[in-house]
Amino acid sequence: YFSFDPATESFTVPFGDSAEIYSVNEAKDVKDCYWLRTKDALYRKSKTGTERFALPYALPLSTRVTLSPGNCCILFNELTKNILFFDYQTKQFSAPKILDRNGREDSSSVRDIVFIGDNFYLFTAQRLYRFDSATKSFVWHLDLKYRSNFNDDFLGSLPFNDTLIV
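Computed from a prediction, not measured in an experiment: that's the story for all the values here.

## Some remarks on the sheet that holds strand S7 (residues 64-67)
Backbone hydrogen bonds are what pair the strands of a sheet, in a parallel or an antiparallel way. A sheet is described by the order of its strands in space; here 4 strands give the open sequence S7-S8-S9-S10, paired in antiparallel fashion. The sheet terminates laterally at S7 and strand S10 (92-94), the two strands that pair on one side only. Taken over all neighbouring pairs, the strand axes of this sheet differ in orientation by 20° on average, direction set aside. Relative to S10, strand S9 (residues 83-87) runs antiparallel, the two sharing 3 bridges. Residue pairing for S10: Phe-85 is matched across the bridge by Ser-94.

So this is what it looks like as structure tokens:
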């Protein structure tokens, strides 16, 4: 990974030769910074410099990073089902709970996590959850109803502007 500095017209290696960058992400409508993820850290790169945030544990290459314009992000791995929330304001990681409509923890398998509009949403096979930033947990939003011939094994979503296509 090389970083180009237009002021000096030079390249630098900000993370050293040994850092393997797993992903580079940019939040929608945010042009002043981008995020990089390695096996053991999350980096926020902006014009003012680079910030490093050590992950609480190593995450495999297949872990996805979903960003919000407010500099928060969700790291989700479909294989391990691990979910981490990172709040840039507090510089803290937390493992959000998934709470059903009665406020009890839901152990359903997570299918997808997206950011759309102004919030994170989490899909299971039968429910949709909305992220509550005050409690740092996903709370029940609605039940998903499928037609009898719908195969939810292929559940996926595509955020497009402020619309979510499922």
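## Some points on unusual backbone geometry
For Asn-71, which is not a glycine, the phi torsion comes out positive at approximately 65°. When its relative accessible area of 14% is taken as the criterion, Asn-71 is described as buried. At Lys-91, a position not held by glycine, the phi torsion is positive, near 60°. Inspection of the secondary structure puts Lys-91 in the loop between S9 and S10. Looking at Lys-91, the relative accessible area reads 37%, which means it is partly exposed.

## As for the sheet that holds strand S14 (residues 127-132)
The strand order S11-S15-S14-S13-S12 describes an open sheet built from 5 strands, whose pairing is mixed. A single partner strand is all that each edge strand has here, and the edge strands are strand S11 (98-99) and strand S12 (110-116). Where S11 meets strand S15 (residues 137-143), 2 bridges bridge the pair, whose relative direction is parallel. Of the residues in S15, the one forming a bridge with Leu-99 is Val-139.

## Considering the side chain of Arg-44
Structurally, Arg-44 can be placed in strand S5 (residues 41-46). Judged by relative accessible area, which is 9%, Arg-44 ranks as buried. Only 3.5 Å separates the side chain of Arg-44 from the side chain of Asn-71, close enough to count as a polar contact.

Conventions and cut-offs
Residues numbered from 1 in each chain as written. Predicted model: local features only at pLDDT ≥ 70, side-chain atom pairs only at ≥ 80, totals over all residues. Heavy atoms only, no water. Pairing = 2+ DSSP bridges. Helix = DSSP H or I, 4+ residues; strand = E, 2+ residues; numbered from the N terminus. Axes fitted to C-alpha atoms, helices over the stretch in contact; angles between N-to-C directions. Buried < 20%, exposed > 50% of the residue type's maximum accessible area, 1.4 Å probe, protein only. Polar contact = N/O pair within 3.5 Å; in protein donor to acceptor, adjacent residues only side chain to side chain.

None of this, on its own, says anything about what the molecule does.
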